[in-house]
Amino acid sequence: MSLAETVIAPLHARIRADIEGAILSGTLRPGDRIPFEHELMAQYGCARMTVNKALSGLVEAGLLERRKRAGTFVSRPQIHMAALAIPDIQAEVTGRGQTYRLELLARDVLPAISVDPERMKPPRGAKVLALTCRHLADGVPFAVEERLISLKAVPEAATADFTEVAPGSWLLAHVPWTEAEHRITAAPAGRLAGALGVAEGTACLVLDRRTWRGDQPITHVRQVFPGEGFDLVARFTGA
């Protein structure tokens, strides 16, 4: 945006841009409360209507949520899929009454040029954190996860401890995103057979997910589950 455009932009647009910028940069994180309307009125020297217009636009965009008598908060990302909800792996395992454990099998920092563009297209010159994790239920492999995280979008991931907390859980708690994509396929275990503790030809469920913040990629993850140990269930009712 040019200096001239900044000067003539309506005040509500500037307020919205300031808050949106803080969210997309990670300064404001999911669950954070933004200043109350009267505080924003004092900060920007404007009427309540101006502040309300800015906040309403961010609510409609899904970046903010209003809570009655509590204030306005940065939205926690929710994944919506037609007739399908993909559970958190740790919650799924513990919900079955089993003991959950995470193993970090590999951790590398890669140049953007070495990343498969079908999985992620990081900015030129950027670095990407590549993680391989194994999720276990009662000590038995439940899923293997291969994840790429753009260090341009999430620089703090470079020093995060993923030996105790799953990368997906950490990202949801620390990094807001604006767009997500899921893809579900079936494939043989192949090269992941050893990590999964199954034969190479064993049928597996493969979940791919990508998330973005604006036009900037955040992460790509591929989670592979042995077919006999995992299922997706949806219940329908007639009209």
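Model, not experiment: these values are computed from the prediction.

1. Focus: the pattern of salt bridges
Within this structure, the stated rule accounts for twelve salt bridges. Notably, a salt bridge pairs Arg-101 with Glu-103, separated by 2.9 Å at the nearest N-O pair. For Glu-103, a relative accessible area of 19% puts it in the buried group. Counted as one network, the salt bridges with shared partners bring together Glu-37, Arg-48 and Arg-66.

2. Remarks on the sheet that holds strand β4 (residues 127–137)
Hydrogen bonds along the backbone pair up the strands of a sheet, which may run parallel or antiparallel. Spatial strand order, β3-β4-β5-β8-β7-β6: six strands in an open sheet with antiparallel pairing. At either margin of the open sheet sits one strand with a lone partner, and together these are β3 (100–111) and β6 (179–188). Taking the axes of each pair of neighbouring strands and ignoring which way they run, one obtains an average angle of 15° across the sheet. Pairing between strand β5 (residues 140–150) and strand β8 (residues 216–226): six bridges, direction antiparallel. Counterpart to Glu-145 in the pairing with β8 is Gln-223. Sheet strands touched by helix α6 (residues 167–174): β4, β5 and β8. Its angle to β5, the strand with the most contacts, is close to 45°.

What counts and what doesn't
Residues numbered from 1 in each chain as written. Predicted model: local features only at pLDDT ≥ 70, side-chain atom pairs only at ≥ 80, totals over all residues. Heavy atoms only, no water. Salt bridge = Lys/Arg side-chain N within 4 Å of Asp/Glu carboxyl O. Buried < 20%, exposed > 50% of the residue type's maximum accessible area, 1.4 Å probe, protein only. Pairing = 2+ DSSP bridges. Helix = DSSP H or I, 4+ residues; strand = E, 2+ residues; numbered from the N terminus. Axes fitted to C-alpha atoms, helices over the stretch in contact; angles between N-to-C directions. Contact = heavy atoms within 4.5 Å.

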